[in-house]
Each structure stands twice: as structure tokens, then as C-alpha cells.
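Each chain, letter by letter, is given below.
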Amino acid sequence: MAQRVLVVGLRATGAVVVNWLRARGDTVTVVEERPGQAAYAERRAVAAGSGATVIEGSPDWAALLATTDMMVPSPGVAPSHPAMLAAATAGVPVRGDLDLAVEAATVPVVVVTGTNGKSTVTTLISAMLESAGIRAPAVGNIGRVALDAVDSDAEVLVIEASSFQLHSVTATFVPEVAVLLNLADDHLDWHGSFAAYVEAKHNAFRYQRPNDVLVADLDDPRVAELAALAPGRVLGVTSLGPRPGAIAWTGRTLDDEQGSPLLELDEDAWTAPHERANIAAAAAAARVMGADPVAIDRAVRGFARLHHRTELVGKAGGVEYVDDSKATNPHATLAAVRGYASVVLLAGGDSKGVDLGMLAAGADRLRGVVAIGDTPEEVESALGAHAPTVRAASMRAAVREAAAMARPDDVVLLSPACASFDWYSSYSERGDDFRREVEALLAESGTPDAGSAR
């Protein structure tokens, strides 16, 4: 039965939602409070051409919801947004784009979430399944809107799910496989508390059936605690040696639940603990969905790290310059810092209400710290007592300050532990700026060395 649907937001996700709803015959009104961003005019024209009503600016939400059967907020619409509050008052059901996609999917679904590593694991699972001859596009928060792939030729959908997206799912959100990687403070300004953030992550598997599977990193105590609530089968992964019923690392070998090898890493490959945790989680999910050990091993050996994730951008004078701009919370930055012996860290930005104090746990790896962004005092408070710390007013200044601190065999690491929205429009723009400044510095020095990402 056709419904009257209110869509909040007409950016990439909202545009796909509008077109999908109109194609199934719903009456759609879409509100864009801040029109004018890149490609907005085209999205507006397509939405209006499909028969949707487009409203710009801040409307009377109560009046709109009085004639609405369902509201679909874009992922960035926070629980405190007037539209969300008005929907709750009016008793209008709220469903996210992923909720609609998983309900509509006619093929098995794998949902990947966690504080860090989501994009890498989503991409790895897709690569492992594709290596096994199974069409399995990576969609969702990683880029392509999941609804856009529902009617494709996919045999499995591998969906990266953010806490924002998971906040607005219902009992129809039932993935055959869910993956929970880790849990740490993040997006507290959006969710309001860590407990609310965890509840959103819980939605990834909350409605699974008894035969569905939750892949959970049991080395993370918070994950293990939450996984105990799973209604389906829990398939644990661990890097701490053999564990009954779990997929586990023993040295460089990853074994399945029966102790049979799934893959063996080369000695210098994927050495950081968080990298091995990501591989184990991806292999577990891919195994459940039908990938064999040969396909899993082939995918890992051929996998190229994603941009802005511990990506080597240059080397000179024995110093490596590494872009980890995707590290937008302290949990991710601490994992990156611990992957190197000696680091000059570039950190700072929009902390999203998260305490950066946990970064001090990596102080033994720090040669020095360069505080960037609009709130450098937060970085100084966390690390100033543990390592020499200076401020920089631009990425250009930050790279040069870091280069002056670094010694041979050090790593100059951009791993901000914060969002980028004070200085940049995205973490990728921040990482690109870092790359440009590093390349400029190395060109000036005249001694760049060849290198490849670790």
C-alpha cells in the first residue's frame, strides 16, 4: 500500500531514497534545510521530476508530520533534530535508509559496524566473496547508497553501517550476518552519551533470528559484553591464540573454528594488531557467506589499503610520512600509533565531545606531537605532559614542525583522533592536504625516497 513519506535531507542518500520511494508508488515530500551544496540543483530537479514535493529551508515540522505515514531521515539527522522530536510527538514511524534496504533485499545481507575499521572490513569481505565468484558489492556508509544496490545483480550485499544509520532501524532490519568490530567513545555529541551510541550499534544484530550470525571481536571487552545479547549464533574472532569455537590467530596463521588454516600472512604483512583483527573479522563473515580459504587468502594478498588509512605518502631522510586522516576518534589513533616504534603525531580537530585522554596510553611511542585544528588545547591537555607538543595554524606549518621534530626511522603520522570539520569538509580533504604539504616538503629537500604503504 502506498504511503505518504517525509524524507529529511536531499543529499546523496536522500536523493536515492526519494527516487526509490517514488518508484514503488509512495507520495513523497523531501525537505532540504540547506540547499545549494554541490550537485544540489541536479538532485532537486530529479526529485521534482519524479513527482516528489521539494521544500527548502526550515518548515513547520508538526504540520508536515500531521499528513505523514513515515519519515526517513538522512544519516546526519541527529536524534535532537526538530524533525525527529516532532515525529516522536506525532507518533510517526521513523525508518532509516538501511532499514528500507535490508527489508527490500532479496539476497543475503552482511552488515559491518564498529567504532573503527568498518570500511576496511566491508571492503575486505566484498573482495573475499568476489574472489570466490560471489557478486558482493560494498555499499552503505562506505559510499554507494545501499538502496541503490537492492535491485542490482548482487548475490550478497555487504553494508557498512554507521551508528547514525543504525539509530533509525526497526525490527525489519535482519541481516543474515552482522559484524561488530570494536566499541569506543565516538560521536557523543550526536548520540548524547556512550550508552546511546552502544544501543545504536546493538541495532546491527538486535533483530537477528536464531540461525543468523554475529561475528564479534572477543578481544574487545565491550564487544564481548554486547555480543552476549545476540539472539543468533556468535562467531568470535580473537588474536590471542586458539579459542574453542572462534576464528583465531596463532602467529601468522589464521585458523577457523575447527583449527584448520584459513590463511597465512607473510612475515612483514599486516603487522599491526588492529589490522589482523580486521582480517579475522572479514574472513569469518566471508566464510559464513561461502568463501573458501583459497579465495580468502587470495583477497588478502591482493588487498590494497584504502586511502587515508595508514597510507604512506612519502619518505625522506629515513622518515616516513603516513596519512591516517580517517582516524577520527582516539581509539583509531591509538591503534595507529601503536603500529609504529617512534612517532611524531599530528592530531586535533573537532573532538565530537570525546575525551582525548586515552591517547596518553601510546605516549611511549611518541617522539613529539603537533596540535592542529581549532581546539589544540584538547591535544595539549591529553599529551602535553607526555611528549614535546607544539601548535600549528595550518597543515603546511604542521608538516614542517613535525619534520623538524622527526629523527631517522621515525614516522610522521597524521592521525587526528578528531573529525575534520573545523578546517576541512571531510577527512579525505584533510588527508589530501597533508599529502600535498608532504610532497612539497620532500620536493624542497630534494631527497625523497621510494616507498610503499605498510
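Each remark here, short or long, concerns the structure printed above.
Here the structure is a predicted model, which is why all the values come from computation and not from measurement.

**Points about the nonpolar core**
Then, in step 1: Counting residues in each nonpolar core, the largest one holds 50 residues, and the members touching the most others are Val7, Leu21, Leu147 and Ile159.
Then, in step 2: Per-element tally for this core: the top contributor is helix α1 (residues 12-23), with 6 residues.
Then, in step 3: Sequence-distant contacts of Val7, that is, excluding residues within four places in its chain, are made with Gly14, Val17, Val18, Leu21, Val28, Thr29, Val30, Val31 and Val72.
Then, in step 4: By size, the runner-up hydrophobic cluster in this structure holds 38 residues, among which are Val110, Ala136, Val215 and Ile279.

**Description of empty space enclosed by the protein**
Then, in step 1: Under the definition given, this model contains 3 cavities of 30 Å³ or more.
Then, in step 2: Quantified by volume, the largest cavity comes out at close to 40 Å³.
Then, in step 3: Lining the largest cavity we find Pro73, Ser74, Pro75, Val77, Gly96, Asp97, Phe164, Gln165 and Ser168.
Then, in step 4: Its residues assigned to classes, the lining of the largest cavity comprises 4 nonpolar, 4 polar and 1 charged.

**Examining the pairing of strand β15 (residues 319-323)**
Then, in step 1: Across the 5 residues that make up β15, a large majority, 4, are buried.
Then, in step 2: With 5 bridges connecting them, strand β14 (residues 311-316) and β15 associate as antiparallel partners. Within the sheet, the bridge partner assigned to Ala316 lies in β15 and is Val319.
Then, in step 3: Here β14 folds back onto β15, and the loop between the two strands holds 2 residues, one of which, Gly317, carries a positive phi near 60 degrees.
Then, in step 4: Pairing analysis gives 4 bridges linking β15 to strand β19 (residues 411-414), with the strands arranged parallel. Note that in β19 the partner of Val322 across the bridge is Leu413.

Reading the values: rules and limits
Residues numbered from 1 in each chain as written. Predicted model: local features only at pLDDT ≥ 70, side-chain atom pairs only at ≥ 80, totals over all residues. Heavy atoms only, no water. Core = buried A, V, L, I, M, F, W, Y, C linked by side-chain atoms within 4.5 Å. Buried < 20%, exposed > 50% of the residue type's maximum accessible area, 1.4 Å probe, protein only. Helix = DSSP H or I, 4+ residues; strand = E, 2+ residues; numbered from the N terminus. Contact = heavy atoms within 4.5 Å. 1 Å grid on protein atoms, 1.4 Å probe; cavity = no way out; pocket = protein on both sides within 12 Å on 5 of 7 lines; lining within 4 Å. Points joined across faces, edges and corners; volume = space filled by probe spheres on them. Nonpolar A, V, L, I, M, F, W, Y, C, P; charged D, E, K, R; others polar. Pairing = 2+ DSSP bridges.

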